[in-house]
Amino acid sequence: MESNLTASQVSIWIQMASSLIIFFGFFLIFSAIAFMLIYNSIIMKRNQIRNAFGSIDVMLKKRYDLIPNIVESVKGYAKYEKETLEQIAKLRAMAISGPATVRNTIEVDAAITPLLTRLLAVVENYPQLKANEGFLHLQRTLAELEEQISAARRFFNSSVLDYNNAIQTMPGVIVASLIAAKPEEFFVIAAAERGVTKAF
Amino acid sequence: MVDEARMQEMFQRLWPMLQEIEAERQQVKARMKKIIAGAFLMLILCAAVAGFYLFIAAVAIFVCTVFLYNAAGKDYVRNFKTKVMGPLVKAYDPHLEYQPQSGIYESEMMGSRIFLTHPNRYATEDLVSGAIGKTSVKFAEIRASRETGSGKNRRVEHIFNGLFFIADFNKDFKGTTLVLPDVAESTLGSFIGNMLQSSNFGRPQLVKLEDPEFEKRFVVYGDDQIEARYILSPSLMQRLLDCRKEIGKDVAFSFTKNKIYIAISGTGNLFEPPVWNGIDFRTFRRYFEDLELFAGIVDDLDLNERIWTKH
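Everything numeric in this text was worked out from a predicted model, so none of it was measured.

A word on the overall build of chain A. Along chain A, the regular secondary structure elements total seven helices and zero strands. When its helices and strands are written in sequence order, chain A yields α-α-α-α-α-α-α. In terms of overall dimensions, chain A is more spread out than a globule: its C-alpha atoms have a radius of gyration of 30 Å, far above the 16 Å expected for 200 residues. In terms of overall dimensions, chain A has a C-alpha envelope of 110 × 25 × 25 Å along the principal axes. Within chain A, buried positions represent 34% of all 200 residues.

A few words now on the nonpolar core. Grouped together as the largest cluster of nonpolar side chains are 60 residues, with contacts concentrated most on Phe 214, Leu 232 and Phe 255 of chain B. Residue contributions to this core peak at eight residues, all from helix H1 (residues 4-49) of chain B. Setting aside residues up to four positions removed in sequence, Leu 232 of chain B forms contacts with Arg 154 of chain A together with Thr 177, Val 179, Leu 209, Phe 214, Val 220, Met 237, Leu 240 and Phe 255 of chain B.

Taken residue by residue, the interface counts 14 residues in chain A and 18 residues in chain B. As a salt-bridge pair, Lys 171 of chain B and Glu 147 of chain A come within 3.0 Å of each other at their nearest N and O atoms. Mapped by element, the contributors of at least two residues to the side of chain A that touches chain B are helix H1 (7-77) and helix H5 (133-168) of chain A. Ranked by residue count, the leading element in the side of chain A that touches chain B is H5 of chain A, at twelve residues. Here the side of chain A that touches chain B is composed, by residue class, of five nonpolar, four polar and five charged.

This part takes up the confidence of the model for chain A. With 90% of its residues at a pLDDT of 70 or more, chain A has an overall mean of 82. Taken as a whole, residues 191-200 of chain A scores under 50 in pLDDT and shows twelve contacts with residues more than four places along the chain or in a different chain.

Let us look at the pattern of salt bridges. Enumeration over the complete set of coordinates arrives at 24 salt bridges over all chains. In this structure, Lys 61 of chain A and Asp 57 of chain A form a salt bridge, with 3.5 Å as the shortest nitrogen-oxygen distance. With Lys 61 of chain A and Asp 57 of chain A both in helix H1 and four residues apart, the pair spans about one turn of that helix. By relative accessible area, which is 40% here, Lys 61 of chain A ends up partly exposed. The salt bridge involving Glu 272 of chain B is made with Lys 81 of chain B; its shortest N-O contact spans 3.0 Å.

Turning our eyes to something else, we now look at the packing of H1 of chain A against helix H3 (residues 102-122) of chain A. Residue and element names in this part refer to chain A. With their axes 12 Å apart at the nearest point, H1 and H3 run at an angle of 35° to one another. Pair H1 / H3 crosses with left-handed handedness. Of the residues in H3, those in contact with Phe 53, Leu 60, Arg 63, Tyr 64, Ile 67, Ile 70 and Val 74 of H1 are Val 102, Thr 105, Val 108, Asp 109, Ile 112, Thr 113, Leu 116 and Leu 119. Class assignment for the residues of the contact of H1 with H3 results in eleven nonpolar, two polar and two charged.

Residues and elements named next belong to chain B. Counting buried residues along strand E7 (residues 218-222), five of its five residues qualify, which places the element largely inside the surrounding structure. The two faces of E7 match: Phe 218, Val 220 and Gly 222 on one face and Val 219 and Tyr 221 on the other face are all buried. Across five bridges, strand E5 (residues 177-181) lies against E7 in antiparallel orientation. Across the sheet, the residue bridging to Val 179 is Val 220, located in E7. Where strand E6 (residues 205-207) lies against E7, three bridges are found, and the strand directions are antiparallel. Counted as the bridge partner of Val 207 is Val 220 from E7.

Attention shifts here to the side chain of Ser 254 of chain B. All names here are of chain B. If you trace the backbone, Ser 254 turns up in strand E8 (residues 251-256). Owing to a relative accessible area of 0%, Ser 254 belongs among the buried residues under this scheme. At 2.6 Å, the side chain of Ser 254 forms a polar contact with the backbone oxygen of Ser 112.

With that settled, the discussion passes to the sheet that holds strand E1 (residues 96-99) of chain B. Residue and element names in this part refer to chain B. The nine strands are arranged E1-E2-E3-E4-E9-E8-E5-E7-E6 in an open sheet whose pairing can be described as antiparallel. Of all the strands in the sheet, just E1 and E6 have a single pairing partner and so form its edges. On average, each strand axis in the sheet is inclined to that of its neighbour by 20°, with strand direction left out of account. Where strand E2 (residues 121-132) lies against strand E3 (residues 135-148), ten bridges are found, and the strand directions are antiparallel. Among the inter-strand pairings, Arg 121 is bridged to a residue of E3, identified as Ser 145. Along the sheet face, helix H8 (residues 234-247) touches E7, E8 and strand E9 (259-265) and points at about 145° away from the line of E8. With respect to the sheet, helix H9 (residues 281-295) is in contact with E2, E3, strand E4 (155-168) and E9, its orientation differing from that of E3 by roughly 100°.

We now examine helix H6 (residues 172-179) of chain A. All names here are of chain A. Within the span of H6, buried status applies to Gly 172, Val 175 and Ala 176. An end-on view of H6 places all buried positions within 100° of arc, on one side of the element. Exposed residues pointing more than 90 degrees away from the buried face of H6 are listed as Ser 177 and Leu 178. Directly after H6, the chain includes Ala 180, whose backbone phi takes a positive value near 55°.

Residues and elements named next belong to chain B. Per-residue confidence for chain B gives a mean pLDDT of 85, with 92% of residues at or over 70. The least confident element of chain B is helix H5 (residues 190-198), whose mean pLDDT is 59; the most confident is helix H7 (residues 225-231), at 95. The ipTM value of the predicted complex is 0.78, and its pTM value is 0.81.

Our focus in this paragraph is the pairing of E1 of chain B. Residues and elements named next belong to chain B. Burial of E1 is one-sided: the residues Leu 96 and Tyr 98 facing one way are buried, the residues Glu 97 and Gln 99 facing the other way are not. As judged from the four bridges shared by E1 and E2, these two strands associate in the antiparallel manner. Note that in E2 the partner of Tyr 98 across the bridge is Val 128.

Quick notes on the rules
- Residues numbered from 1 in each chain as written.
- Chains lettered and ligands numbered in written order.
- Predicted model: local features only at pLDDT ≥ 70, side-chain atom pairs only at ≥ 80, totals over all residues.
- Heavy atoms only, no water.
- Helix = DSSP H or I, 4+ residues; strand = E, 2+ residues; numbered from the N terminus.
- Rg over C-alpha atoms; globule rule 2.2 N^0.38 Å.
- Buried < 20%, exposed > 50% of the residue type's maximum accessible area, 1.4 Å probe, protein only.
- Core = buried A, V, L, I, M, F, W, Y, C linked by side-chain atoms within 4.5 Å.
- Contact = heavy atoms within 4.5 Å.
- Salt bridge = Lys/Arg side-chain N within 4 Å of Asp/Glu carboxyl O.
- Nonpolar A, V, L, I, M, F, W, Y, C, P; charged D, E, K, R; others polar.
- pLDDT = per-residue confidence, 0-100.
- Axes fitted to C-alpha atoms, helices over the stretch in contact; angles between N-to-C directions.
- Left-handed = near helix turned anticlockwise from the far one by under 90°.
- Pairing = 2+ DSSP bridges.
- Polar contact = N/O pair within 3.5 Å; in protein donor to acceptor, adjacent residues only side chain to side chain.
- Arc of directions from axis to C-beta.

And the structure:
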């Protein structure tokens with residue numbers, strides 16, 4: 001039987017096998033490094049989302065802190081808005097005490113913003129309030145806070161987009177499936193809220 | 001867009017002054033013609049006398065001509081600037097002032113953080129300053145460059161040559177946000193362009209915004225991601241784009257120290273009086289248009305809208 005291999009054939013096989021092993025080794029090292037880099041990038045992007053949400057939370061709290069002042073200054077002048085004021089106070093209490101999840105924050109914010117907007121729009125009917133320096137300052141501060149909240153929201157959405165792109169496109173999608181990373185949801189302004197802001 | 005009615009009205013008002021200056025201009029033009037004719041004559045004489053010395057003579061004549069040229073026109077230029085441009089600016093807005101010899105300090109220009117290189121040659125002139133509505137403004141021409149080495153190794157890096165504009169911004173903020181013309185993204189496409197943008201040393205971190213047209217035109221760097229978005233609201237982004245379209249030249253914006261800085265390069269020598277063409281409605285129109293274009297930035301960017309705490 002011609003199963004005996006010559007010396008040179010054996011050495012060729014050994015050479016091929018060893019280069020295959022070396023190649024495979026490099027491939028493993030390369031994959032490990034690639035995995036590490038992609039994994040780190042995904043985690044950093046996810047943390048960026050948490051960071052951005054933290055900023056939104058801070059701004060929203062500032063706005064909620066402003067609300068008692070606004071309610072106080074309007075109460076004296078606008079007796080007819082009692083119901084709106086009560087609702088705002090209730091929502092504010094909910095916002096402060098409720099769980100700090102993205103979904104909850106969005107929901108409370110969506111409920112309270114149209115009320116605030118309507119309240120400030122109604123102020124047009126009370127000229128003494130319009131002329132009140134203290135109220136005007138509150139109005140300006142609120143407008144500024146709304147812009148800053150909007151800016152924080154935009155940054156949050158930008159971070160979410162970055163993260164979602166990273167875990168849904170190649171090669172990140174491979175790593176993402178290994179660590180079970182789910183896409184995050186955007187901070188979307190409800191259609192109703194968008195419509196009411198026109199009155200501002 | 002030029003306010004035709006206003007321009008007509010100002011032209012009528014300044015007409016007597018324009019006529020005076022026109023008379024001066026014609027004198028200067030006559031003088032210039034004589035200088036050129038004289039120089040030409042000298043050249044011919046030299047050529048007739050000796051060929052070799054012609055070259056040296058030509059150089060000498062050229063130098064003298066330039067010298068005389070400038071001297072002949074100096075008074076005229078000064079008179080034009082004080083008697084025509086001054087009143088024109090004041091008539092455009094009584095709270096504005098024109099000072100031809102003043103300009104913007106180098107420290108202010110560098111303080112905008114738009115430019116990374118410090119100039120060692122700096123010249124500025126034609127300052128318009130004051131207030132438009134509630135916004136205090138100033139703008140002037142700047143020529144800044146950096147010369148290194150000498151003789152054969154002399155290198156000149158042009159840092160900035162154009163109009164520099166500074167105004168109060170209508171929102172308070174703490175850090176710096178830069179909006180620079182985007183070269184990479186428009187030429188190399190978004191992926192590679194983005195990579196190049198984020199590795200730009202010496203700049204604050206890259207800020208990626210939502211408006212695709214804005215992103216194509218400009219690249220934004222900022223100390224704080226949220227503050228950058230607070231300043232660059234969707235409406236301001238649109239206005240900056242429109243501003244860039246109207247000016248038609250490369251524009252860089254900087255938001256720092258509660259002011260907005262705008263660097264418009266390649267505007268040439270503005271508010272310079274004509275020598276060869278007469279001072280008529282057409283040339284007047286050019287000055288008015290230039291002034292309106294730059295002073296109009298305040299309204300174009302809605303800087304007088306003060307609904308936030310800064311008022």
